[in-house]
Amino acid sequence: MAHLASVRHKLLAESHLAVIAANVSCGAPRDGAHKGPRAIIDSGIFADIQSKLGLRTTIEDVLKSPLEPVKNTDLAVEGMKRARDVSESTRLVSEHVYRHAQQGRFVLTLGGDHSIGIGTLTGMSKAIRERDPSGELAVLWIDAHADINTPQTSESGRIHGMPVAFASGLAQPSSEGFFGWIEECHLIDLRRFVYIGLRDIDEAEQVTIAKRGIKAFTMNDVRQLGIKKVMDLALGHIGAKNPIHVSFDIDSLDPTYASSTGFPVASGLSLEEGMHISERLSDSGNLVSMDLVEINPYIATSELETTINSGKMVIQKALGL
Ligand SMILES: NC(=[NH2+])NCCC[C@H](N)C(=O)O
């Protein structure tokens, strides 16, 4: 039987894979990402994982019925479109993630647009702090986009471009209280945060990354250094002991491997490079949770199978298969 490498982390007490279907698309301008989780689940990936790894696998939907795009809530509140819906759905994601992580389970959250990262990062941060006060959560953000806009800097007002800002405290709750559920104990520390795959960064995001000294490997860096060296440096930056959460946006991959997504950007990671990232994380023994986001079955439908297959491969490698 294959070995679930990540179970080695001391914080993972149970042989239990908690899959959270974050069927949320209100953070993105286009509808459809809320169908991403089912598309992945229906591919049969978990039956495979369960039988090969002997893991108990549970699957939970975050929203009973996905919120429909509602025109009149589409107006921006203090720079955020659909603030109420995204605040509420990410709060639910955070609670689900926290509940499982607190029990020592590996948490895999399927998106959904990337706003759900607000929920996964905050839920994990809180759980890790409680379980091991000396161990701080580290985050690897694999993405074509930096998703670190604040409501003030965002040109689109879409919250899937803001999760890193909300989860790190750079973005503040609105005066009406949206995202007011995020407390100090939920926040991640950007000193233990690394980007890989960036190639479409807004000007204000560039400034934030430089000003905060956030570790970032763009696609140019990946081409110059090679993915192996990039992973050596990323893991070195994080430190050998800290538990790791990886937030993998499918659009980090080149559109050849993943075009069923809302914001594909040319010249991305090859599938092999994506799998290398997962494999290295699994081998580190420190991976405790993962997101796979932004698969949108309504886009490039003829390429959906390829996109899902790419998603499956990066998940399987991360779990040690
Ligand atoms: N998760 C994503 N696909 N993010 C795309 C964000 C695009 C742009 N930077 C924005 O803030 O609107």
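Because the structure is predicted, anything quoted here is derived from the model rather than measured.

Undergrad: So what's going on with the confidence of the model for the chain? Residues and values would help.
TA: When pLDDT is averaged along the chain, the result is 93, and 93% of the positions lie at 70 or above. The model gives residues 1–7 a pLDDT under 50, and that stretch makes 24 contacts with residues more than four places away or in other chains.

Undergrad: Describe the site of the ligand, and please don't skip the residues or the numbers.
TA: Around the ligand lies a shell formed by His 114, His 145, Asp 147, Asn 149, Ser 156, His 160, Gly 161, Asp 202, Asp 249, Asp 251 and Glu 294. In this structure, a nitrogen atom belonging to the ligand sits 3.3 Å away from a main-chain N or O atom of His 160. Here a nitrogen atom of the ligand sits 3.1 Å away from a polar atom, N or O, in the side chain of Glu 294. In isolation the ligand exposes 350 Å². Once the protein is present, 94% of that is buried. Partitioning the shell around the ligand into residue classes produces no nonpolar, six polar and five charged.

Undergrad: Now, about the environment of Thr 306: what can you tell me, with residues and values included?
TA: Within the fold, Thr 306 resides in helix α10 (residues 304–318). By relative accessible area, which is 34% here, Thr 306 ends up partly exposed. Separated by 46 residues in the primary sequence, Thr 306 and Ser 260 have C-alpha atoms spaced 8.6 Å apart. Those residues within four positions of Thr 306 in sequence are excluded, and the remaining contacts are Thr 256 and Tyr 257.

Cut-off values and rules
Residues numbered from 1 in each chain as written. Predicted model: local features only at pLDDT ≥ 70, side-chain atom pairs only at ≥ 80, totals over all residues. Heavy atoms only, no water. pLDDT = per-residue confidence, 0-100. Contact = heavy atoms within 4.5 Å. Near = heavy atom within 4 Å. Polar contact = N/O pair within 3.5 Å; in protein donor to acceptor, adjacent residues only side chain to side chain. Areas by Shrake-Rupley, 256 points an atom, 1.4 Å probe, with all protein chains shown as cover. Nonpolar A, V, L, I, M, F, W, Y, C, P; charged D, E, K, R; others polar. Helix = DSSP H or I, 4+ residues; strand = E, 2+ residues; numbered from the N terminus. Buried < 20%, exposed > 50% of the residue type's maximum accessible area, 1.4 Å probe, protein only.

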